[in-house]
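If you want the building blocks of each chain, they are given just below.
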Amino acid sequence: MKLARTLRLDVSDDNVFDLPAPSGEWAISGGFEFSNWTEADLKGKARQAFSNGWYSIESGGRASFVGVCDITEAELEQLRQTLAQTFVECYGAPDIDAAYPVACEEIDQMRSMCEDFEDNTLLMVSRTLTELGVEETYRSRGPQDASLEAFAVHGSVD
C-alpha cells in the first residue's frame, strides 16, 4: 500500500503557510477544509494553503510537496483514527463514529491516487474555486536519483 509524506525541499513553506507541515508527515489533499469557502476567504497565507497545500494528518499543517512511499496497515489505521478525531475536534463532526468513515474515505482517495505512482514520485496539488465548488488537479514528477528517505524521516526517534 502507498500513501504520501510531506516534503520540505526548502524553507518556502515557512513563508507561505500559517502552519507549515514538518517533513515526513503523512498527507492527504485536505480539500475538505475549503468546501465552504468563497473568494472572500482567499486572502494571504490562506490563499496559498487553498491553492497549493497538501494537508498533514498528524499536525494539520500544509506542505507544497509530498512524496509517494509505502505505508503499513497499522500506520494506516492510526491515521484513520487521528483524522477522525481531528474531524470531531476541529471540523464539527458530532462524534468518532460519524467521523471515522469520512476519514477513511479521505485517506482512501489519497491512497488510491498514490498507488498509480512509483515510490519517491513527487506530487503537487492545485485548487481553483469554481461555481460548482473546489476543483483539484494534481501534477507529478517521477523519482530522481535521491530517494524519499533523503527528505522524510520514517519511524520515530524513540
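Undergrad: Hey, could you run me through the overall build of the chain in this one?
TA: In terms of regular secondary structure, the chain is built from 4 helices and 7 strands. Helices and strands in the chain line up, N terminus first, as β-α-β-α-β-β-β-α-α-β-β. The C-alpha atoms of the chain give a radius of gyration of 15 Å, which matches the 15 Å a tight globule of 158 residues would have. A buried classification covers 39% of the 158 residues belonging to the chain. Across the chain, every contact between residues at least 6 apart in sequence was considered, and the portion connecting residues at least 24 apart equals 67%. In the structure as shown, the chain presents an accessible area of about 8400 Å², 49% of it carried by carbon and sulfur atoms. For the chain, the separation between the mean place of its 12 positive charges and that of its 29 negative charges on side chains is 7 Å.

Undergrad: Help me out: how do you make sense of empty space enclosed by the protein in this one?
TA: If a probe as big as a water molecule is rolled over the atoms, it shows which places are left empty. Using the criterion set out here, one finds 1 cavity of 30 Å³ or more in the structure. When grouped by side-chain class, the residues that make up the lining of the largest cavity number 3 nonpolar, 2 polar and 3 charged.

Undergrad: Would you mind showing me how to read unusual backbone geometry here?
TA: What is expected of a backbone is that most residues other than glycine have negative phi and most peptide bonds are trans. Here the phi dihedral of Asn120 falls at roughly 75°; this positive angle occurs in a residue that is not glycine. Mapped onto the elements of the fold, Asn120 is located in the loop between helix H4 (96–114) and strand S6 (122–130). When its relative accessible area of 25% is taken as the criterion, Asn120 is described as partly exposed.

Conventions and cut-offs
- Residues numbered from 1 in each chain as written.
- Predicted model: local features only at pLDDT ≥ 70, side-chain atom pairs only at ≥ 80, totals over all residues.
- Heavy atoms only, no water.
- Helix = DSSP H or I, 4+ residues; strand = E, 2+ residues; numbered from the N terminus.
- Rg over C-alpha atoms; globule rule 2.2 N^0.38 Å.
- Buried < 20%, exposed > 50% of the residue type's maximum accessible area, 1.4 Å probe, protein only.
- Contact = heavy atoms within 4.5 Å.
- Areas by Shrake-Rupley, 256 points an atom, 1.4 Å probe, with all protein chains shown as cover.
- Lys, Arg positive; Asp, Glu negative; His and termini not counted.
- Charge placed at Lys NZ, Arg CZ, Asp CG, Glu CD.
- 1 Å grid on protein atoms, 1.4 Å probe; cavity = no way out; pocket = protein on both sides within 12 Å on 5 of 7 lines; lining within 4 Å.
- Points joined across faces, edges and corners; volume = space filled by probe spheres on them.
- Nonpolar A, V, L, I, M, F, W, Y, C, P; charged D, E, K, R; others polar.

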